[in-house]
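The residues making up each chain are set out below.
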Amino acid sequence: MAEVVYRKILALQGSPRPKGFTQMVLEKFLEGAASKGAVSEIIPLATKEIKPCIGCYSCWYKTPGFCIHNDDMTELVERMAAADVWVLSSPVHLGGMTGLMVRLLERTVMLLSPMFEIEQGRTRHVASPHAPERAVVLISTCGYYEESAFQSLVSQVEDLSRSHHRRFVGALLRPHGLALKYMQANDIDVGDVLDAAERAGTELVRDGSFKDATLRAVSRALLPQEDFVALM
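Residues numbered from 1 in each chain as written. Predicted model: local features only at pLDDT ≥ 70, side-chain atom pairs only at ≥ 80, totals over all residues. Heavy atoms only, no water.

A. Structural view of unusual backbone geometry. We note that Tyr57 has phi near 60°; this positive angle belongs to a residue other than glycine. Locating Tyr57 in the fold gives a position in the loop between β2 (39-44) and α2 (58-61). In this structure, Gln120 takes a positive phi of about 50° despite not being glycine. The residue Gln120 is located in the loop between β4 (112-119) and β5 (122-127) in this model. (Helix = DSSP H or I, 4+ residues; strand = E, 2+ residues; numbered from the N terminus.)

B. Examining helix α5 (residues 151-163) more closely. For α5, built from 13 residues, the straight-helix expectation of 18 Å at 1.5 Å per residue is met to within 8% by its first-to-last C-alpha distance of 19 Å. Of the positions making up α5, those classed as buried are Leu153, Val154, Val157, Leu160, Ser161 and Arg162. Against β3 (85-89), α4 (99-107), β4, β5, β6 (134-141) and β7 (166-174) lie the buried residues of α5. Looking at the residues trailing α5, positive phi occurs at His165, about 60°. (Expected span 1.5 Å × (residues − 1). Buried < 20%, exposed > 50% of the residue type's maximum accessible area, 1.4 Å probe, protein only. Contact = heavy atoms within 4.5 Å.)

C. Looking closely at the pattern of salt bridges. Per the counting criterion, the structure on display carries 10 salt bridges. One salt bridge connects Glu31 with Lys28, and the closest N-O pair in it is separated by 3.3 Å. Of this pair, Glu31 and Lys28 both sit in helix α1 (residues 21-34), 3 residues apart, roughly one helical turn. A salt bridge links Arg79 to Glu41, with the shortest nitrogen-to-oxygen separation between them at 2.4 Å. With Arg79 in helix α3 (residues 73-82) and Glu41 in strand β2, the pair connects residues that are 38 residues apart, well separated along the chain. One salt-bridge network, held together by shared partners, links Lys28, Glu31 and Glu198. (Salt bridge = Lys/Arg side-chain N within 4 Å of Asp/Glu carboxyl O.)

This is how it looks when you write it as structure tokens:
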């Protein structure tokens, strides 16, 4: 594979609590990316007015590329179109991404064409306009103990990446985030988890990919499952 280096990163923070666990992992990731020369911006979706898509398709047929809603999405979609990397940062509260993130991503239909193409046996919308290879990264935390709690979210982001002609690089997943907070508050060293998140940022910019060992370090078990349940 040819060398891929991503420089312009747009982090879309879908948590209703911008200073929560997900933000902590996101900030370390972006610090690592910055150390290799990337420029990043965090957009807290909770501070933006993003109206729901109503499926009228005016952005395709009446005013191509422009939505009927006059809200903050008009500016956001321009930033998304220009970014090398979308970092989708959303906690899992119950089964998938937050409503803030859903509302944002449904409105990105205006970045696509109504025309279809066949790619590896599946239909998808033609990109409008066609852009060079760009990427998507997922960062998520949850209160559940198991990493499998992220399964639905990861599948959704993989499919979204394909729809937008972007390469899904991988996911930084931090299960049992409440235990992480407890351990930090009680001076139990969990610095290796956040160090791994920072390392992932450097790998993205330098290599265009993540090492499996780095992702495993981000999501490593902090304590036995039975102890976690008792603690909670």
